[in-house]
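Letter by letter, the chains look like this.
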Amino acid sequence: MKQDVEIFGLIREELERQRRGLELIASENFTSLQVMQAMGNVMTNKYAEGYPGKRYYGGCEVVDKSEQLAIDRAKQVFGVEYVNVQPHSGAQANTAVMFAVLKPGDTILGLDLSMGGHLTHGSPVTYSGKIYQAHHYGVRAEDGRVDYDALEQKALEVKPRLIICGASAYSRDWDYARIRAAADKVGALVLADIAHPAGMIAAGLLNSPFDHCHFVTSTTHKTLRGPRGGIIMMKKDFENNWGAVGPKGETRMLSQLLDLAVFPGIQGGPLEHVIAAKAVSFFEILQDEYKSYAKQMQLNAQAAAEIFLNKGYNIVSGGTDNHLLLIDLRNKNISGKKAENTLVKADITLNKNMVPFDDKSPFITSGIRVGVPAITTRGLKEKDMTQVVEWLDKVLTAPDDETVIARVRGEVNEFMTAFPLYPEMA
Ligand SMILES: *Cc1c(COP(=O)(O)O)cnc(C)c1O
């Protein structure tokens with residue numbers, strides 16, 4: 001067959017872009033070479049609808065072992081009894097939990113999108129906001145932290161069936177016990193979506209949601225540094241108490257409801273090649289090096305926060321506990337949109353972001369989100385954060401000065417050659 005030079009040319013181009021740039025998108029990371037190699041394998045050819053040992057197709061003996069390894073390793077990473085590694089993405093993991101425990105029209109309560117929440121936590125443009133009655137809680141104006149008292153008030157008022165915690169642009173740790181206490185007052189279930197901080201939770205650097213939340217979902221490609229995908233976990237399986245019964249009238253355990261919600265509920269055949277790569281990434285997370293990586297992310301984020309603060313930047317909540325910072329640029333006279341578009345010209349990638357109580361639209365925004373997972377994987381340490389923040393500050397304070405932008409781009413490109421990315425790929 002003829003070689004597709006166009007696509008392989010573009011893959012090459014993307015590799016070069018990733019190599020020369022400073023990657024500060026908080027949800028991105030660089031997988032190891034073996035995680036990537038595991039993703040491009042013959043298991044992509046295999047249909048395996050169902051679960052290990054209970055498939056709808058023949059010839060699943062090998063992928064059964066691989067998927068089981070992924071499950072067992074994830075159980076070990078997080079210390080949980082139940083894992084489903086089939087969700088194609090974080091959004092699918094959340095959809096499956098809601099599909100398993102909610103009926104259309106049920107009430108959910110999640111963090112407001114404009115305060116750091118995720119689309120799938122009830123935004124009206126997603127299934128979660130269209131199929132369910134979605135309500136939201138927020139952060140306090142004074143300190144940018146989740147207002148747990150208001151959350152509880154809202155829960156008492158709207159009586160949600162499911163409370164969702166977790167965020168995409170929130171730099172502080174969560175009080176899962178406090179949320180569970182509020183949920184118990186109204187008989188709500190709790191889902192913790194740890195898509196962002198999962199790696200730091202795995203390394204024991206942040207509060208664990210597992211003892212307090214009925215369900216925990218995550219992506220596998222953010223701080224966990226695995227292939228693009230999702231995962232669902234429960235510390236302990238439990239019986240549903242709303243009459244969901246099996247074909248013989250037997251009570252369904254939540255593990256059964258979740259498995260059925262993923263397949264056949266919302267997905268078809270699992271991506272066994274990606275599941276193999278998830279297994280490899282869990283193997284890596286179980287090594288000591290990963291713990292050092294997670295700690296380094298936290299040190300880098302805290303170092304960057306301090307330097308930004310010294311330069312007069314407004315960090316929402318005043319700092320960070322995890323791997324990201326949310327910066328309110330309103331005192332710097334530049335919108336999030338302009339900041340993103342200007343920085344990319346200097347080969348610095350990050351994203352514009354709403355800040356709490358933003359007066360600009362989601363297309364403009366007043367803020368930017370800065371994350372360190374990818375640069376920490378490249379090998380940058382606390383001492384390098386001075387240089388990183390310096391570059392951002394130079395561009396953000398002279399966004400129309402093409403000479404400054406070009407100079408910073410040159411310096412970034414030169415600097416990044418000291419942190420080789422996929423050197424095995426010539
Ligand atoms: C990134 C993210 C997701 C969605 O993950 P996808 O893999 O992009 O579907 C879900 N929830 C939160 C909190 C996230 O940050």
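Residues numbered from 1 in each chain as written. Predicted model: local features only at pLDDT ≥ 70, side-chain atom pairs only at ≥ 80, totals over all residues. Heavy atoms only, no water.

The protein has the name Serine hydroxymethyltransferase in an unreviewed UniProt entry, where Rurimicrobium arvi is given as its organism. Per UniProt, the comment on the protein under Sequence similarities (unreviewed entry) is "Belongs to the SHMT family." (UniProt positions renumbered as here; feature names shortened; annotations may be inferred.)

Caption draft 1: Summary view of the site of the ligand. Around the ligand sit 13 residues in total, of which Gly 90, Ala 91, Ser 168, Asp 193 and Lys 222 are the nearest. Within the contact set of the ligand, an oxygen atom lies 3.2 Å away from a side-chain nitrogen or oxygen of Ser 89. A distance of 2.8 Å separates an oxygen atom of the ligand from a polar side-chain atom of Lys 222. Counting residues per element, the shell around the ligand draws most heavily on helix H4 (residues 90-101), at three residues. Residues belonging to the shell around the ligand are distributed by class as follows: three nonpolar, eight polar and two charged. (Near = heavy atom within 4 Å. Polar contact = N/O pair within 3.5 Å; in protein donor to acceptor, adjacent residues only side chain to side chain. Helix = DSSP H or I, 4+ residues; strand = E, 2+ residues; numbered from the N terminus. Nonpolar A, V, L, I, M, F, W, Y, C, P; charged D, E, K, R; others polar.)

Caption draft 2: Representation of a nonpolar patch on the surface within the structure. Side chains of Ile 7, Phe 8, Leu 10 and Ile 11 sit close together on the surface and give an oily, nonpolar patch of about 390 Å² of accessible area. Positionally, Ile 11 belongs in helix H1 (residues 5-20). Residue Ile 11 is classed as partly exposed on the basis of its relative accessible area, which comes to 47%. (Patch = residues over 30% accessible without salt bridge, like charges linked within 9 Å, V, L, I, M, F, W, Y side chains within 5 Å. Areas by Shrake-Rupley, 256 points an atom, 1.4 Å probe, with all protein chains shown as cover. Salt bridge = Lys/Arg side-chain N within 4 Å of Asp/Glu carboxyl O. Buried < 20%, exposed > 50% of the residue type's maximum accessible area, 1.4 Å probe, protein only.)

Caption draft 3: Representation of the pairing of strand S10 (residues 230-234). The buried count for S10 comes to five of five residues, which makes it a mostly enclosed element. Along S10, one buried face is formed by Gly 230, Ile 232 and Met 234 and the opposite face, lined by Ile 231 and Met 233, is buried too. As paired elements, strand S4 (residues 82-84) and S10 share three bridges and run antiparallel to each other. Note that in S10 the partner of Asn 84 across the bridge is Ile 232. As judged from the four bridges shared by strand S9 (residues 215-219) and S10, these two strands associate in the antiparallel manner. Bridging from a neighbouring strand, Thr 217 pairs with Ile 232 of S10. (Pairing = 2+ DSSP bridges.)

Caption draft 4: Layout of the UniProt feature "modified residue: N6-(pyridoxal phosphate)lysine" (unreviewed entry) in the protein. Using the residue numbers shown here, the UniProt feature "modified residue: N6-(pyridoxal phosphate)lysine" (unreviewed entry) corresponds to Lys 222. Of note, Lys 222 is situated in the loop between S9 and S10. The buried category is assigned to Lys 222, whose relative accessible area is 10%. With residues near it in sequence (within four places) discarded, Lys 222 still touches Ser 27, Asn 29, Ala 195 and His 196. (Contact = heavy atoms within 4.5 Å.)

Caption draft 5: Up close: the UniProt feature "domain: Serine hydroxymethyltransferase-like" (unreviewed entry) in the protein. Per the UniProt annotation, the sites labelled "domain: Serine hydroxymethyltransferase-like" (unreviewed entry) are residues 2-391. With 41% helix and 14% strand, the stretch residues 2-391 has end C-alpha atoms that lie 44 Å from each other.

Caption draft 6: View of the pairing of S9. Within S9, five of the five residues are buried, which leaves it mostly tucked inside the rest of the structure. Covered by surrounding structure in S9 are Phe 215, Thr 217 and Thr 219 together with Val 216 and Ser 218, the residues of both alternating faces. As defined by bridge partners, strand S8 (residues 189-193) adjoins S9 across three bridges and the pair is classed as parallel. Note on S9: the bridge partner recorded for Ala 192 is Val 216.

Caption draft 7: Representation of the sheet that holds S10 within the structure. Strand order in the open sheet formed by seven strands is S4-S10-S9-S8-S7-S5-S6, and the pairing between neighbours is mixed. The sheet terminates laterally at S4 and strand S6 (133-137), the two strands that pair on one side only. Within the sheet, the average angular offset between the axes of one strand and its neighbour, ignoring direction, is 20°. Of the strands in this sheet, strand S5 (107-111), strand S7 (162-165), S8, S9 and S10 are in contact with H4, which crosses S9 at around 160°. (Axes fitted to C-alpha atoms, helices over the stretch in contact; angles between N-to-C directions.)

Caption draft 8: The packing of aromatic side chains, seen in detail. Counting across every chain of the model gives nine aromatic pairs. With a centroid separation of 5.0 Å and an interplanar angle of 20°, the aromatic rings of Tyr 47 and Tyr 57 are classed as stacked. Linking Tyr 47 in the loop between helix H2 (33-39) and strand S2 (50-51) with Tyr 57 in the loop between strand S3 (54-55) and helix H3 (61-78), this pair joins segments that are ten residues apart in sequence. What makes Tyr 57 partly exposed here is its relative accessible area of 39%. Centroid distance Phe 78 to Phe 210: 5.6 Å. Interplanar angle 50°. Geometry classified as tilted. Pair noted here: Phe 78 is in helix H3 and Phe 210 is in the loop between helix H8 (198-202) and S9, with a separation of 132 residues, a long-range link. (Phe/Tyr/Trp six-rings, centres within 6.5 Å; stacked < 30°, edge-to-face > 60°.)

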